[in-house]
Structures are given as C-alpha cells and as structure tokens.
Amino acid sequence: MITSKDIAKILEKYDQKKLAIGTLGSHSSLNIFKGAKEEGFRTVCVCKEKDAIMYKKYPLVDELIIVKDFTELLNEALQEKLRKLNVILVPHGSFTAYLSTEELTDSLFVPMFGNRQLLHWEANRKSQEEWLRQAGLRLPATFKTPEDIDRLIIAKLPGAKGGRGYFLANSPKSFHQKFDSMVKRGLLTKDDLGKIHLQEYALGVNVYPSYFSSILNDDVELLCVDRRYESAVDSIGKIPASEQLEIDVNPTYTIVGNFPIVLRESLLPELMRMGDNVHKKAKELAPPGIIGPFCLETVITDDLKIFTFEISARIVAGTNVGIGTSPYAYLKYGENMYMGRRIAMEIKEAREQKRLQDILA
Ligand code: AMP
Ligand code: AMP
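Criteria and thresholds
Residues numbered from 1 in each chain as written. Chains lettered and ligands numbered in written order. Predicted model: local features only at pLDDT ≥ 70, side-chain atom pairs only at ≥ 80, totals over all residues. Heavy atoms only, no water. Domains from an automatic or database assignment. Near = heavy atom within 4 Å. Polar contact = N/O pair within 3.5 Å; in protein donor to acceptor, adjacent residues only side chain to side chain. Areas by Shrake-Rupley, 256 points an atom, 1.4 Å probe, with all protein chains shown as cover. Helix = DSSP H or I, 4+ residues; strand = E, 2+ residues; numbered from the N terminus. Nonpolar A, V, L, I, M, F, W, Y, C, P; charged D, E, K, R; others polar. Pairing = 2+ DSSP bridges. Axes fitted to C-alpha atoms, helices over the stretch in contact; angles between N-to-C directions. Contact = heavy atoms within 4.5 Å. Phe/Tyr/Trp six-rings, centres within 6.5 Å; stacked < 30°, edge-to-face > 60°. Buried < 20%, exposed > 50% of the residue type's maximum accessible area, 1.4 Å probe, protein only. Lys NZ or Arg CZ within 6 Å of the ring centre and 35° of its normal. Right-handed = clockwise from strand over helix to strand, strands pointing away.

**As for the domain arrangement of the protein**
Link 1 in the chain: When cut into domains, the protein gives domain 1 (4-113), domain 2 (125-138 + 205-241 + 257-348) and domain 3 (142-200).
Link 2 in the chain: Taken over C-alpha atoms, the centre of domain 1 sits 39 Å from the centre of domain 3.

Right, dumping it as structure tokens:
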C-alpha cells in the first residue's frame, strides 16, 4: 500500500514550479488537459499509438508518451519518467477499467489527485452500497433469492460489460423462465444462477450529477449533470414492439456518448444534500473523504424519488458535456469552468497554499 509518507518523499524531489498534469489518453483526458493548460500547467499524456492522432489535432499535450498497453503505467521506468516530469496523475475511468484497484493503490508510485483509499470502497459492490446507504441515500432494494421477488427487478451478473446478460423479471416464476431462456440462448450459463444480483428495477430516467469536493474550501460543488447515450438500449424504441418480440431483444448498455441535462430546479436541493452527505460519510470511512470529482448514478422516478445505483469517486466522462461550461458551473464560477479546469485549479491553489500533500492522499 502506498502511504502518504511515500508520496511526501516523491514530492520532496519534485520541482513544484514545474508541476505537470498527466493522465492516460482516453475517457476524459481532453477535458483534463484543456483545464490543465488553462491553469498554466504542462501536460503529459500516456497513450496508445492508434489514439495519438487526437493529441496531434488538439494542441493540448506537451509530452506524449506512447505505450502498447495502459498496464505499462505499472512499469518502474515509465513511473520514473513521469516523476522526472513532475507529474501529478489525474485518474479517470480508464484507470479502473484497465488496472486493478490493488495495482492503483499498491504499485503506482506517482502522486495521484484524489483519495486512493476510496477506490477500495468503490470497487466492491457491498461496501459501496453500505457507504451510500449510510449517507442516507435511497438505493434500489435487493433480493437474496429469486423466490423473494415481489416486484419488477433487474437481474445483473457481476462484472457484466455494458449490461450484457442483464434481464428483467417480476416474479419467481418469470425469473426462472427468463433465466432458462438466457441459458438456452447462450447468454448465461447455469452456474451464473448463484452469482446473479437481484435488484429492484427503478422505473425512471437516468440522471448523473457530477460534483467536485474541494478539500481546500471544505465544500462540495455541483458542477454538471448528464445522461448517457447507450447502445442498444436507446435504440430499442425505434423498432415496433412486435419486432422487438420477434427478435427477442435484450437491452445492453454500451456507452457511446452523453447528453447534458438541465434539471427541474426543485430537484437541486436534494441532489446537493446527497453530494454533501456522501462526502461527509466518506470522511469517516476513509479520511479526508472524497478529494475532487465524483458522480452519482441515479434514476429519478415519476414521483420524483431519486434512486442511487452507484458512485464513481473520480472524474466521469459525462463531465465532458461541460467542457467550456455547464449551467451549474456557470452559476458558481461564471464562464469557462468545467471539471478538468476545476481539478487543475485545486492543484494550483494547493501548491500556492503549500498543501499539495492534502490533495494527493
Ligand atoms: P475507454 O477508455 O473509452 O474504454 O473507457 C474506459 C471506461 O470508461 C470504460 O469502462 C467505459 O465504459 C467508461 N466510459 C468511457 N466513456 C464513457 C462515457 N462517455 N460515459 C460513461 N462511461 C464512459
Ligand atoms: P450497471 O451495470 O449497474 O451500471 O447498469 C447498467 C444500466 O442498467 C444502468 O445505466 C441503468 O440504466 C440500468 N439499471 C441498472 N440497475 C437498474 C435498476 N435497479 N433499475 C433501473 N435501471 C437499472
């Protein structure tokens, strides 16, 4: 486990006047690099050859490091290179998608913006649920066995990419029928039965508020709200119900993009309280709590109940809808504030206040 002492030692050797902001070249890297540039930082991008075109077209990266695979971030030589460049890494979804939580907390000896300890809370479904429930959020009910199903549920296979193999059921009978048919179609195996997570289906619209928790200002800011554009679920409505039945479609949720949302204003106070409470609880679980961006995945029902499914304790790609500005960032900062820039601003202020150590936990 990398400790704050390790980070302090690395920072001692850094030339803090020449700090650079670095990240993996994907997900929300353009957002992060643009923000870093606007706050006067140098930028370092670790990327794959095939993606380098993006960083040649947009003039945002000072140092491009080409790797074959993102796991090369674990190589000592690459880490030494990043440290020599005085890099502070900003983690995003590709870090957790391509590296394990243990690798991130134990083997990445480069200062990282955020609280690494929270990665463990986030990575485990049970502990994440505990965190959110203890923060007073409303979560969909879960059912221990299919025999307990008494309402519409979604059956989820842990680790299923993009919701592949998820299905809906509303009674023990319909669950078993659907499960057997998924097995017949080769989408699931009999052994999956014990592993399936049964969750109340919250019928409503998906809303993803993104927050920034500032350790320096001791405040949680709501910076933008998005929804996802997912294939195939967002296309199912384009074909008539009769054809849907014929081809036996099952919704999958492969992310293709995001839309910005402006919410009904009376929903904002509750979302703000939720953000505050999640951070407050995180402070108890893993001090100093959330450092920087986080996002709640919610569904809002027609009686305006807000169900939370998941938390990401890092920048989510949905904040890319706010590059430049979003209504919520505008309300607080005026023009030209967005998650990537907000991160860089916090790093800059921490350097000025000699508090870098506090944001690189
Ligand atoms: P990628 O590097 O594009 O493969 O993304 C890394 C991880 O982030 C994957 O698990 C994606 O599902 C997720 N991701 C990428 N882009 C988005 C997005 N726009 N919205 C939500 N999740 C995303
Ligand atoms: P997940 O793999 O948990 O991120 O879920 C993928 C997608 O399935 C989410 O983006 C939601 O749209 C949908 N979903 C997951 N769980 C539920 C639920 N309990 N109720 C309604 N929709 C859900």
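Further notes follow.
**A short note on the site of ligand 1**
Link 1 in the chain: In the region of ligand 1, the neighbouring residues are Ser26, His27, Gly93, Ser94, Ala97, Tyr98, Arg228, Ile255, Asn258 and Ala317.
Link 2 in the chain: The separation between an oxygen atom of ligand 1 and a polar side-chain atom of Ser26 is 3.3 Å.
Link 3 in the chain: Within the contact set of ligand 1, a nitrogen atom lies 2.6 Å away from a side-chain nitrogen or oxygen of Asn258.
Link 4 in the chain: In isolation ligand 1 exposes 470 Å². Once the protein is present, 63% of that is buried.
Link 5 in the chain: Where the shell around ligand 1 is concerned, the elements lending two or more residues are helix H5 (93-98) and strand S11 (253-260).
Link 6 in the chain: The dominant element in the shell around ligand 1, judged by the number of residues it contributes, is H5, at four residues.
Link 7 in the chain: Its residues assigned to classes, the shell around ligand 1 shows four nonpolar, five polar and one charged.
Link 8 in the chain: The residue makeup of the shell around ligand 1 includes at least three contributed by each of domain 1 (4-113) and domain 2 (125-138 + 205-241 + 257-348).

**Focus on the sheet that holds strand S9 (residues 204-214)**
Link 1 in the chain: The strand order across the open sheet built from five strands is S11-S10-S9-S12-S13, with neighbouring strands paired in antiparallel fashion. At either margin of the open sheet sits one strand with a lone partner, and together these are S11 and strand S13 (306-312). Here the strands of the sheet are splayed against their neighbours by 35° on average, with no regard to which way each runs.
Link 2 in the chain: Pairing of S9 with strand S12 (residues 292-301) involves eight bridges; the strand directions are antiparallel. Residue pairing in the sheet places Asn206 in a bridge with Val299 of S12.
Link 3 in the chain: Each of S12 and S13 is contacted by helix H8 (residues 125-134), which is oriented at about 130° to S13, the strand it contacts most.

**A closer look at the sheet that holds strand S7 (residues 167-169)**
Link 1 in the chain: Read across the sheet, four strands follow the order S5-S8-S6-S7 without closing on themselves; strand pairing throughout is antiparallel. Across the chains shown, the open sheet's two edge strands, defined by having one partner strand only, are strand S5 (142-143) and S7.
Link 2 in the chain: As paired elements, S5 and strand S8 (residues 197-200) share two bridges and run antiparallel to each other. Directly across from Phe143, in S8, lies its bridge partner Leu198.
Link 3 in the chain: Strands strand S6 (153-156), S7 and S8 of the sheet are contacted by helix H9 (residues 172-184), whose axis makes an angle of about 155° with S7.

**Observations regarding the site of ligand 2**
Link 1 in the chain: The immediate surroundings of ligand 2 are formed by 15 residues, with Lys156, Tyr166, Glu200, Ala202 and Phe309 found nearest.
Link 2 in the chain: Note that a nitrogen atom of ligand 2 is positioned 2.8 Å from one of the backbone N or O atoms of Ala202.
Link 3 in the chain: Taking Tyr208, its side chain carries an N or O atom lying 3.3 Å from an oxygen atom of ligand 2.
Link 4 in the chain: Contact with the protein chains removes 89% of the 480 Å² of surface that ligand 2 exposes when unbound.

**A few points about the packing of aromatic side chains**
Link 1 in the chain: A full pass over the atoms with the stated rule returns eight aromatic pairs.
Link 2 in the chain: Centre to centre, the rings of Phe70 and Tyr98 are 5.5 Å apart; their planes meet at 55°, and the pair counts as tilted. Placement of the pair is Phe70 in the loop between strand S3 (63-67) and helix H4 (76-84) and Tyr98 in helix H5, with a sequence separation of 28 residues.
Link 3 in the chain: Take Tyr98: its relative accessible area is 45%, and that puts it in the partly exposed class.
Link 4 in the chain: With a centroid separation of 4.9 Å and an interplanar angle of 65°, the aromatic rings of Tyr229 and Phe259 are classed as edge-to-face. Pair noted here: Tyr229 is in strand S10 (residues 219-232) and Phe259 is in strand S11, with a separation of 30 residues, a long-range link.
Link 5 in the chain: The lysine or arginine in question, Lys48, covers the ring of Tyr98, its NZ or CZ lying 5.2 Å from the ring centre.
Link 6 in the chain: For the cation-ring pair, Lys332 lies above Tyr333, with the distance from its terminal atom to the ring centre recorded as 5.7 Å.

**Regarding the pairing of strand S1 (residues 20-24)**
Link 1 in the chain: Most of S1 sits out of view: five of its five residues are buried.
Link 2 in the chain: Looking at chain direction, S1 and strand S4 (residues 87-89) are connected through three bridges and run parallel. Paired with Gly22 across the strands is Leu89, a residue of S4.
Link 3 in the chain: Where S1 and strand S2 (residues 42-48) come together, five bridges link them in parallel fashion. Following the sheet pairing, Thr23 is matched in S2 by Cys45.
Link 4 in the chain: For the handedness criterion, the β-α-β arrangement of S1, helix H2 (residues 29-38) and S2 is classed as right-handed.

**Quick notes on the environment of Arg133**
Link 1 in the chain: Mapped onto the secondary structure, Arg133 falls in helix H8.
Link 2 in the chain: Given a relative accessible area of 38%, Arg133 falls into the partly exposed group.
Link 3 in the chain: Spatially, the C-alpha atom of Arg133 lies 45 Å from that of Lys56, the residues being 77 residues apart in sequence.

**So, the environment of Ala282**
Link 1 in the chain: Topologically, Ala282 is positioned in helix H11 (residues 268-285).
Link 2 in the chain: Those residues in contact with Ala282 that lie beyond four places of it in its chain are Leu118, Trp131, Pro287, Gly289 and Ile290.

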